[in-house]
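So the chains spell out like this:
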Amino acid sequence: MDEFFFYNLCNYLVIVIFLLFFLKFKKINALLFLILLLLAIAPFVMEKVYPSSSMYDIIVYYYLVDYFRDLQLWGGVVDQANVARQNLNIIAGDVPIKLDDYSFDPQLNAAAIMALVPIPFIVTAMSLGFTNKLIYIFTIVYLKNKKSLHDICLVIFLFYPSLIYYTSVGLKDTLVLCFSCLTLFFFINKRYFYFMIFFILLVTVKWTNALVFLFFVVYHKILFAGYSKIIKKFLIILMPLIAIIVIVLNIDLLLHALNYIRVNQWYADSPFLKPDTLEVNLNFIIELLNGYVRFFLSPSFNQISSPTQIFVLFENYLSIFIIAIVFIKSFKLNPYKAFFWLGMLMAFASFYGITTINFGTINRWKLSILLVYVFVSLHDCSFNEKQKKNSLYN
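The structure contained in this document is the topic of the report that follows.

The rules behind these values
Residues numbered from 1 in each chain as written. Predicted model: local features only at pLDDT ≥ 70, side-chain atom pairs only at ≥ 80, totals over all residues. Heavy atoms only, no water. Salt bridge = Lys/Arg side-chain N within 4 Å of Asp/Glu carboxyl O. Helix = DSSP H or I, 4+ residues; strand = E, 2+ residues; numbered from the N terminus. Buried < 20%, exposed > 50% of the residue type's maximum accessible area, 1.4 Å probe, protein only. 1 Å grid on protein atoms, 1.4 Å probe; cavity = no way out; pocket = protein on both sides within 12 Å on 5 of 7 lines; lining within 4 Å. Points joined across faces, edges and corners; volume = space filled by probe spheres on them. Nonpolar A, V, L, I, M, F, W, Y, C, P; charged D, E, K, R; others polar. Patch = residues over 30% accessible without salt bridge, like charges linked within 9 Å, V, L, I, M, F, W, Y side chains within 5 Å. Areas by Shrake-Rupley, 256 points an atom, 1.4 Å probe, with all protein chains shown as cover. Contact = heavy atoms within 4.5 Å. Expected span 1.5 Å × (residues − 1). Axes fitted to C-alpha atoms, helices over the stretch in contact; angles between N-to-C directions. Parallel < 35°, antiparallel > 145°, perpendicular 65-115°, else oblique.

Quick look at the pattern of salt bridges now. Under the definition given, this model contains five salt bridges. Two residues, arginine 364 and aspartate 57, come together in a salt bridge whose shortest N-O distance is 3.8 Å. In this pair, arginine 364 sits in helix α18 (residues 359–392) while aspartate 57 sits in helix α4 (residues 56–70), placing the two residues 307 residues apart along the sequence. On the basis of relative accessible area, arginine 364 is assigned to the buried category, the value being 14%. Aspartate 57 gets classed as partly exposed once you look at its relative accessible area, which sits at 28%. As a salt-bridge pair, lysine 337 and aspartate 380 come within 3.3 Å of each other at their nearest N and O atoms. Placement of lysine 337 in helix α17 (residues 335–355) and of aspartate 380 in helix α18 is noted, with a sequence separation of 43 residues between them. Given a relative accessible area of 1%, aspartate 380 falls into the buried group.

So, on to the layout of surface pockets. When its volume is computed, the second largest pocket comes out at roughly 690 Å³. Lining the second largest pocket are 22 residues, and of these Tyr50, Tyr165, Tyr166, Thr308 and Gly360 lie nearest its centre. Those elements that provide at least two residues to the lining of the second largest pocket are α3 (42–49), α4, α9 (161–166), α16 (307–333) and α18. The element that contributes the greatest number of residues to the lining of the second largest pocket is α18, accounting for five residues. Tallied by class, residues from the lining of the second largest pocket come to 11 nonpolar, nine polar and two charged.

Attention shifts here to a nonpolar patch on the surface. Together, Val293, Leu297, Phe301, Ile310, Phe314, Tyr317 and Ile320 make up a nonpolar patch on the protein surface, roughly 660 Å² of accessible area in all. For the nonpolar patch, the secondary-structure elements that each account for two or more residues are α15 (282–297) and α16. Inspection of the secondary structure assignment puts phenylalanine 314 in helix α16.

Evaluation of the coordinates by the stated rule reveals three cavities of 30 Å³ or more. Quantified by volume, the largest cavity comes out at close to 40 Å³. Elements that contribute at least two residues to the lining of the largest cavity include exactly α3 and α7 (125–145). When the residues that make up the lining of the largest cavity are grouped by side-chain class, the tally is seven nonpolar, four polar and one charged.

Moving on to the side chain of arginine 294. Along the chain, the position of arginine 294 falls in helix α15. Those residues in contact with arginine 294 that lie beyond four places of it in its chain are Arg262, Trp266, Glu287, Gly353, Ile354, Thr356, Ile357 and Ile362.

Over its 18 residues, helix α12 (residues 207–224) extends 25 Å from the first C-alpha to the last, a length consistent with the 26 Å expected when each residue adds 1.5 Å. The complete set of buried residues in α12 reads Asn209, Ala210, Phe213, Phe216, Val217, Tyr219, His220 and Ile222.

Moving on to unusual backbone geometry. Excluding glycine, residues mostly have negative phi values, and the peptide bonds linking residues are mostly trans. For the bond from serine 298 to proline 299, the omega torsion is 5 degrees, close enough to zero to count as cis. Summarising the element assignment, proline 299 is placed in the loop between α15 and α16. In this structure, lysine 26 is a non-glycine residue whose phi angle is positive, near 60 degrees. Residue position: lysine 26 is located in the loop between α1 (5–24) and α2 (30–39).

Moving on to the packing of α1 against α2. Put simply, α1 and α2 touch, their axes get as near as 10 Å, and they point 170 degrees apart. One finds that α1 runs roughly antiparallel with respect to α2. Within the contact between the two elements, α1 uses Tyr12, Val16, Leu19, Leu20 and Leu23 and α2 uses Ala30, Phe33, Leu36 and Leu37. Of the residues that constitute the contact of α1 with α2, the class distribution is nine nonpolar, no polar and no charged.

If you want it as structure tokens, here you go:
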């Protein structure tokens, strides 16, 4: 048996205690308690199915969180085995976390947040799986009690295969997903102080997603707030016009940034791959369409080279089915908002599809986008209907 199994078992028992607390105070029902109890075991299972040692990023996050804990940012730290620590130092290298050495680093920021989560023992990379699982459970319980999780959304959040996996390993994707959902939840519910808090937290761990959300929440405010028709029409015309002018004036800079990201992502997948340089021509449109295919459908059947990619292939079709179901349901509730949030999903697909080629990376990044779309589309459209019903009795 793994010498650290006992410590990780204690981590699991901490989650069980929280779930019992939620059950006792009727924050969750017995069925949800049992489901979350089983899902909390997933870090043990995932470590056997796909070991953390096979993912460099997980090892780095473990090293970073452990380093923060050693600085006594959280009490009760268990000293790591010397051999494990030496191996991690070799892998991760020195990490500048002193204030005078600090520079903006989303990976470092995410590790600092994970270090504050009340999971007592960070003894292996698996321990971070319990950290992320607790963050995931807190978010689900909170949103469920705020009556903002549509039944379709709850089922997807509980049983979507990649979500079960990525909330059970030591990556920052769980933070990105939860901060994104909470940011948009507080925006839609007009609790702007909390919206700003979680927006800032999201910026610290995934600033690219935060900027896209910022654009869409501003545009949402213009389209769906109670402005007069004249002001609304003026703003609807003005916003795209400003966006077009900004893009045209900075087209060279934007293309340089896109090409820079593409080269790095292609190189990360294989040192022998080099993408075509993006320019303002017909090829850009073709590459954009290819990006949509990569985002939603990669890998294809003839690209499969491992059992994991077979799983990703079938999950891609599941995700398209989910998008269709969510859009149809949202459209029935509020067609304008349904198209609006679908537009947000397609904007993310455009950026990540055109800049990324690795199947695993796309699948991981798509997770926090797809599930945010599911949540915000159903919540916003349902929220609108609840407001209408309430107004009938006022």
